[in-house]
Amino acid sequence: MTNKIIDLRSDTVTLPTPAMRQAIAEAELGDDVWREDPTVNRLEAMAAEKLGKEAGLLTASGTMSNLVALLTHCQRGAEVLVGDEAHIFHYEVAGAAALGGLELRTIPNDSGGRLLPKDVEEAIRLPDIHHPPTGLICLENTHNRCAGAVLGEADMEAVAQVARRWGIPVHLDGARIFNAAVALGVPAADLVRHADSVAFSLCKGLACPVGSLLCGSREFIAQARKYRKMVGGGMRQAGIIAAAGVVALDNMIDRLQEDHDNARLLAQGLADLPSLRLDPASGQSNMVSLQVEGMPAVEFHGRLGQAGVLVTYMGGQRLRLVTHYGIDRADIEEAIQRVRAAASPST
Ligand code: TLP
């Protein structure tokens, strides 16, 4: 244990389970651009069912699902409302602007990752010749840059009500929506019922090697399929990817609770250190987010790396630690000891 590198950078580092590798080896395949891959078709149907939507679409990544959703919902020149901490805004290479001709307009996220309905309402454009039309409102759940905060159904409904009043669709970046559902103890379908479209990732806590699903109405997904092709996401024998996804949706969702328990343990183990201030939502799902005090966060990040605890530098004084498949309770206990040692002034 003592020399083991404990990789808490992201749940994207997870490796496929033995059952996934076997399913990949044995997957029935066909050409998915022609809709002839039975394994993809099965996964898309399963995903739609789990989220209570009519149809699903396998894409290469969460970034691709979000981009395709934006392209499908909006005309060029439209404005898309997103939280100022949204993944779509921070980490998707401005694809909406570069590829979709869309303007992203930010609204403050509170520390729980929520958007306040009044802020959303104020940001919606009136039909004035000078304004771009507001084409879409995006939510994120769990919220990555808000320490994995979990939004409840009511939080999402409050925004959706405003959206509905103005006839604007809602897209949910639910990369970790099953983490949210498990944390709340509710079916994912209930949680996302107020979103017109939902993207979720296979390759994070669900431990698949590749892939994301975009779900929505039959009509929306038919259109999205076209945009997926446009951005180069029409994959051929994609059942290789989908086979792992089927295993994930069958067997890997309930397991996410372990990651949440480990994140809470980690948060509790670091809470009393004067040099680290935990973001309030830490431990709600599988993330812990820290503000480093008294030394540059990059320096502390380096110290942790030397101690064999890999974490992500989030800018400013913030570091993020993520629990996931492949990290167990003993790893977390060891990580707590190492982080505490690195934070203590005598080291
Ligand atoms: N998040 C990654 C990095 O991109 C930051 C991570 O390590 O957390 N939505 C959300 C909320 C995400 O957290 C991510 C990935 C994505 C979308 C994009 O998914 P991928 O990486 O599959 O394109």
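Residues numbered from 1 in each chain as written. Predicted model: local features only at pLDDT ≥ 70, side-chain atom pairs only at ≥ 80, totals over all residues. Heavy atoms only, no water.

Some remarks on the site of the ligand
Taken together, 15 residues lie around the ligand, and Ser10, Thr63, Asn144, Asp173 and Arg176 are the ones closest in. The side chain of histidine 87 places a nitrogen or oxygen atom 2.8 Å from an oxygen atom of the ligand. Within the side chain of lysine 204, an N or O atom sits 3.0 Å from an oxygen atom of the ligand. For the ligand, whose accessible area on its own is 510 Å², the fraction buried by protein is 82%. (Near = heavy atom within 4 Å. Polar contact = N/O pair within 3.5 Å; in protein donor to acceptor, adjacent residues only side chain to side chain. Areas by Shrake-Rupley, 256 points an atom, 1.4 Å probe, with all protein chains shown as cover.)

Some details on the pairing of strand E5 (residues 134–140)
With 7 of 7 residues buried, E5 is to be regarded as a mostly interior element. Bridge analysis of E5 against strand E6 (residues 170–173) gives 4 bridges, and the strand direction is parallel. Within E6, the position partnered with glutamate 140 by the bridge is aspartate 173. This β-α-β element, E5 to helix H7 (residues 153–166) to E6, shows right-handed connectivity. (Buried < 20%, exposed > 50% of the residue type's maximum accessible area, 1.4 Å probe, protein only. Helix = DSSP H or I, 4+ residues; strand = E, 2+ residues; numbered from the N terminus. Pairing = 2+ DSSP bridges. Right-handed = clockwise from strand over helix to strand, strands pointing away.)

Comments concerning helix H13 (residues 297–306)
An α-helical turn contains 3.6 residues, so any two residues separated by three or four positions project in the same direction. Buried residues of H13: Ala297, Phe300 and Leu304, and no others. Looking down the long axis of H13, one finds its buried residues gathered within 60 degrees of arc, a one-sided arrangement. Projecting away from the buried face of H13 at angles above 90 degrees are the exposed residues Val298 and Gln306. Against the buried residues of H13 lie strand E9 (276–278), strand E10 (287–292), strand E11 (309–310), strand E12 (312–313), strand E13 (318–322) and helix H14 (329–343). Looking one or two places after H13, you find glycine 308, whose phi comes out positive at around 80 degrees. (Arc of directions from axis to C-beta. Contact = heavy atoms within 4.5 Å.)

What about the domain arrangement of the chain?
Quite often, the size of an interface is put as the accessible area lost when its parts meet. When the domains of the chain are assigned, the result is domain 1 (6–13 + 255–343) and domain 2 (18–251). Just the C-alpha atoms count here: the centres of domain 1 and domain 2 sit 27 Å apart. Facing the 20 residues of domain 1 at the interface are 21 residues of domain 2. With both sides pooled, the region where domain 1 packs onto domain 2 buries about 1700 Å², and carbon together with sulfur makes up 53% of that total. (Domains from an automatic or database assignment. Buried area = accessible area lost by both parts, 1.4 Å probe.)

Here's the deal with the pairing of strand E8 (residues 212–216)
In terms of residue burial, E8 counts as a mostly covered element, since 5 of its 5 residues are buried. Neither face of E8 is open: one carries Ser212, Leu214 and Gly216, the other Leu213 and Cys215, and all of them are buried. In this structure, strand E7 (residues 197–201) lies alongside E8, joined through 4 bridges in antiparallel fashion. By the bridge assignment for E8, phenylalanine 200 is matched with leucine 213.

Quick look at the environment of glutamate 44
When you line up the elements, glutamate 44 lands in helix H2 (residues 38–51). For glutamate 44, a relative accessible area of 5% gives the class buried. In contact with glutamate 44, other than residues within four places in its own chain, are Gly56, Leu57, Leu58, Leu213, Arg225 and Arg228. Within polar-contact distance, the side chain of glutamate 44 engages the side chain of arginine 225 at 3.2 Å.

Brief notes about the pattern of salt bridges
Scanning the entire structure with this criterion turns up 23 salt bridges. Ionic pairing is found between aspartate 7 and arginine 9, a salt bridge with its closest N-O pair at 2.5 Å. The class for arginine 9 is partly exposed, based on a relative accessible area of 37%. Taking the shortest distance from any N to any O, the salt bridge between arginine 145 and glutamate 85 comes out at 2.6 Å. Pair noted here: arginine 145 is in the loop between E5 and H7 and glutamate 85 is in the loop between strand E3 (79–83) and helix H4 (87–90), with a separation of 60 residues, a long-range link. Residue class for arginine 145 comes out buried when judged on its relative accessible area of 12%. Each of the salt bridges in this network shares a partner with another, and the network as a whole consists of Glu79, Arg105 and Arg125. (Salt bridge = Lys/Arg side-chain N within 4 Å of Asp/Glu carboxyl O.)

Examining empty space enclosed by the protein
Throughout the structure, instances matching the rule amount to 3 cavities of 30 Å³ or more. Taken as a whole, the largest cavity holds about 60 Å³ of empty space. Lining the largest cavity we find Val82, Gly83, Ala86, Ile88, Asn109, Gly113, Leu115, Cys138, Leu139, Glu140, His143 and Asp173. Every element with two or more residues in the lining of the largest cavity is listed here: E3 and E5. Class assignment for the residues of the lining of the largest cavity results in 6 nonpolar, 4 polar and 2 charged. (1 Å grid on protein atoms, 1.4 Å probe; cavity = no way out; pocket = protein on both sides within 12 Å on 5 of 7 lines; lining within 4 Å. Points joined across faces, edges and corners; volume = space filled by probe spheres on them. Nonpolar A, V, L, I, M, F, W, Y, C, P; charged D, E, K, R; others polar.)

With respect to the sheet that holds E5
Here we have 7 strands laid out as an open sheet, ordered E2-E8-E7-E6-E5-E3-E4, and mixed in their pairing. The open sheet has two edge strands, strand E2 (55–59) and strand E4 (103–107), and neither has a second partner. The mean angle between the axes of side-by-side strands here comes to 20 degrees, regardless of whether they run parallel or antiparallel. Pairing between E2 and E8: 5 bridges, direction antiparallel. Residue pairing in the sheet places threonine 59 in a bridge with serine 212 of E8. Sitting on the sheet, H7 is in contact with E5 and E6, with an inclination near 175 degrees to E5. (Axes fitted to C-alpha atoms, helices over the stretch in contact; angles between N-to-C directions.)

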